[in-house]
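# Chains, contacts and geometry: an overview
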Amino acid sequence: MADVHDVRRLALGLDDVEEIDSDGFDFRVRGRGFVWSYPDRSSGRRVLRTDIAVLFVGDEAERQALLRGEPGLFFSTPSYEGLPFVLLRLDEVDVPRLTELVTDAWRMRLEG
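Computed from a prediction, not measured in an experiment: that's the story for all the values here.

### Comments concerning the packing of helix α1 (residues 4-12) against helix α3 (residues 95-111)
Put simply, α1 and α3 touch, their axes get as near as 10 Å, and they point 45 degrees apart. Of the possible angle classes, the one that applies to α1 and α3 is oblique. Where α1 crosses over α3, the handedness of that crossing is right-handed. Along its contact with α1, which presents D6, V7, R9, L10 and A11, the element α3 presents V95, L98, T99 and V102. Within the contact of α1 with α3, the residues separate by chemical class into 6 nonpolar, 1 polar and 2 charged.

### Focus on the pairing of strand β2 (residues 26-29)
Across a regular strand the side chains alternate sides, sitting on one face of the sheet and then on the other. In this structure, strand β1 (residues 17-19) lies alongside β2, joined through 3 bridges in antiparallel fashion. Paired with E19 across the bridge in β2 is F27. Counting the residues in the hairpin turn of β1 and β2 gives 6 residues. With 4 bridges joining them, β2 and strand β3 (residues 32-40) adopt antiparallel strand pairing. When the bridges of β3 are listed, D26 appears paired with W36. Taking the residues between adjacent antiparallel strands as the criterion, β2 and β3 are bridged by 2 residues, where R30 takes a positive phi near 50 degrees.

### Some points on the packing of aromatic side chains
Per the counting criterion, the structure on display carries 5 aromatic pairs. Relative to F85, the ring of F56 lies with its centre 5.9 Å away and its plane at 65 degrees, an arrangement referred to as edge-to-face. Here F56, found in strand β4 (residues 47-56), pairs with F85, found in strand β6 (residues 85-89); they are 29 residues apart in sequence, far enough to count as distant. Each of the two residues, F56 as well as F85, counts as buried. Grouping aromatic residues by their ring pairs yields a cluster made of W36, Y38, F56, Y80 and F85. For the cation-ring pair, R109 lies above F56, with the distance from its terminal atom to the ring centre recorded as 3.8 Å.

What counts, and where the lines are drawn
Residues numbered from 1 in each chain as written. Predicted model: local features only at pLDDT ≥ 70, side-chain atom pairs only at ≥ 80, totals over all residues. Heavy atoms only, no water. Axes fitted to C-alpha atoms, helices over the stretch in contact; angles between N-to-C directions. Helix = DSSP H or I, 4+ residues; strand = E, 2+ residues; numbered from the N terminus. Parallel < 35°, antiparallel > 145°, perpendicular 65-115°, else oblique. Left-handed = near helix turned anticlockwise from the far one by under 90°. Contact = heavy atoms within 4.5 Å. Nonpolar A, V, L, I, M, F, W, Y, C, P; charged D, E, K, R; others polar. Pairing = 2+ DSSP bridges. Phe/Tyr/Trp six-rings, centres within 6.5 Å; stacked < 30°, edge-to-face > 60°. Buried < 20%, exposed > 50% of the residue type's maximum accessible area, 1.4 Å probe, protein only. Lys NZ or Arg CZ within 6 Å of the ring centre and 35° of its normal.

Printed below as a string of structure tokens:
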């Protein structure tokens, strides 16, 4: 089970990463976001959820593969439909898998 501290440690261990001041977490590489806290608006106001990470996944094919392949780990909301992001349940992911996901998101933002 991973948490916000694992996300922070992993993201800050990568090159050229900056953390944006936030009530949750928000990490960017060269000005482009690759992992951040989910801004939940279901209550009618914006609440940053640090138990859910938004991850950049590059494209729709990768997004669909993750959503369909591991629905217990990844999900989406209508506001993210058609965008290259998935929502990740941190309490369902182990640290080695989180490391892979954060590193892949970072790498794709560098390349794109």
